Amino acid sequence: QKEVEQDPGPLSVPEGAIVSLNCTYSNSAFQYFMWYRQYSRKGPELLMYTYSSGNKEDGRFTAQVDKSSKYISLFIRDSQPSDSATYLCAMRILPMDSNYQLIWGAGTKLIIKP
Amino acid sequence: EAQVTQNPRYLITVTGKKLTVTCSQNMNHEYMSWYRQDPGLGLRQIYYSMNVEVTDKGDVPEGYKVSRKEKRNFPLILESPSPNQTSLYFCASLPSGTRHGQPQHFGDGTRLSIL
């Protein structure tokens, strides 16, 4: 079983819809949770970051962590065609060791139809 | 412009022919890392380097070598490539003393096909 599970999609929704992207994980020691966005033929770029449980909002994006269920979510409101990309979740354990290694989900491909 | 540059972006080669993928960053970052990305498996770390002349294995180091002679460069070397090394490769960097929320800066990737 992988440490981090993520539905690969593709997830196709119409423009303006609310999108929900999710990851589940098995290691309860994970404390830092990140969402990266990866456009085609590009490297991943950090979108959102949360520490421990709770919600974090940044414009149209909301990241949510439910540690009791070992489940994280990324919500995108008023989705735009420019949001079409692969979304990768990543997480790491405390403490911060010398290798800034993240454990990655496989990524969900999102398609926003105009 | 702050960036991580990888070369080549695409390469098709044959089994056993040594190749090097270069990675260079212009941000004076101490930490650099190589990943491979395969469908359904996500990003897996190959090697990382905490600073010049300091390198260590990641999760999937077999068949790869790295060197870190200068802070800005971190080449990935495949001495005898095999078809199972066909993948999309990413180089990334971070400054040392990074706090947990600081993003890794990724290059745009190198797609290798080993025939």
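About the criteria used
- Residues numbered from 1 in each chain as written.
- Chains lettered and ligands numbered in written order.
- Predicted model: local features only at pLDDT ≥ 70, side-chain atom pairs only at ≥ 80, totals over all residues.
- Heavy atoms only, no water.
- Salt bridge = Lys/Arg side-chain N within 4 Å of Asp/Glu carboxyl O.
- Helix = DSSP H or I, 4+ residues; strand = E, 2+ residues; numbered from the N terminus.
- Buried < 20%, exposed > 50% of the residue type's maximum accessible area, 1.4 Å probe, protein only.
- Contact = heavy atoms within 4.5 Å.
- Polar contact = N/O pair within 3.5 Å; in protein donor to acceptor, adjacent residues only side chain to side chain.
- Nonpolar A, V, L, I, M, F, W, Y, C, P; charged D, E, K, R; others polar.
- Disulfide = S-S within 2.5 Å.

J.: Which parts of the structure should I look at to understand the pattern of salt bridges?
T.: One side chain can pair with another of opposite charge once the charged atoms of both are near each other. According to the stated counting rule, one finds eight salt bridges over all chains in the structure shown. Salt-bridge contacts for A:Lys42 lead to B:Asp108; the nearest nitrogen and oxygen are separated by 3.4 Å. In this pair, A:Lys42 is assigned in the loop between β4 (30–38) and β5 (45–51) and B:Asp108 in the loop between β10 (105–106) and β11 (110–114), connecting two distinct chains. Of the charged contacts, one joins A:Glu57 and A:Arg77 as a salt bridge, the two residues approaching to 3.4 Å between their closest N and O atoms. Here A:Arg77 lies in the loop between β8 (71–76) and β9 (85–93) and A:Glu57 lies in strand β6 (residues 54–58), a separation of 20 residues in the sequence. Judged by its relative accessible area of 58%, A:Glu57 falls in the exposed class. Here the salt bridges share partners, and the residues they tie into one network are B:Arg36, B:Asp38 and B:Arg44.

J.: When you look at the interface of chain B and chain A in this model, what are you seeing that I'm missing?
T.: Accessible area lost when the parts come together is the quantity often used to give the size of an interface. In this complex, chain B contributes 27 residues to the contact, which on the side of chain A involves 21 residues. Our enumeration of links across chain B and chain A arrives at one salt bridge. Applying the counting rule to chain B against chain A returns five residue pairs in polar contact (both at pLDDT 80 or more). Listing elements by their share of the side of chain B that touches chain A, those giving two or more residues are β4 (31–38), β5 (42–51) and β9 (87–94) of chain B. Sort the elements by how many residues they give to the side of chain B that touches chain A and β5(B) lands first, with five residues. Grouping the constituent residues of the side of chain B that touches chain A by class yields twelve nonpolar, eleven polar and four charged.

J.: Looking at this structure, I do not really get the state of the cysteines. What am I missing?
T.: Disulfides are covalent bonds that connect the sulfur atoms of two cysteines. Tallied over the full model, the rule gives two disulfides over all chains. Put simply, A:Cys23 and A:Cys89 are joined by a disulfide, and their sulfur atoms are 2.0 Å apart. On the sign convention where negative is left-handed, the bridge of A:Cys23 and A:Cys89, at about -105° about the S-S bond, is left-handed. Highlighted residues: A:Cys23 in strand β3 (residues 19–25) and A:Cys89 in strand β9, separated in sequence by 66 residues. Note on A:Cys23: relative accessible area 1%, which makes it buried. Linked covalently through their sulfurs, B:Cys23 and B:Cys91 form a disulfide whose S-S length is 1.9 Å. A torsion of -75° about the S-S bond marks the disulfide between B:Cys23 and B:Cys91 as left-handed. Here B:Cys91 lies in strand β9 and B:Cys23 lies in strand β3 (residues 19–25), a separation of 68 residues in the sequence. The class of B:Cys23 is buried, set by a relative accessible area of 2%. Taking relative accessible area as the criterion, B:Cys91 reaches 0% and is therefore assigned buried.

J.: Where do I start with the environment of B:Lys18 in this structure?
T.: All names here are of chain B. Summarising the element assignment, Lys-18 is placed in the loop between β2 (10–13) and β3. In this structure, the C-alpha to C-alpha distance between Lys-18 and Glu-79, residues 61 residues apart in sequence, is 4.6 Å. When residues no more than four places from it in sequence are discounted, the contact partners of Lys-18 are Ile-77, Leu-78, Glu-79 and Pro-81.

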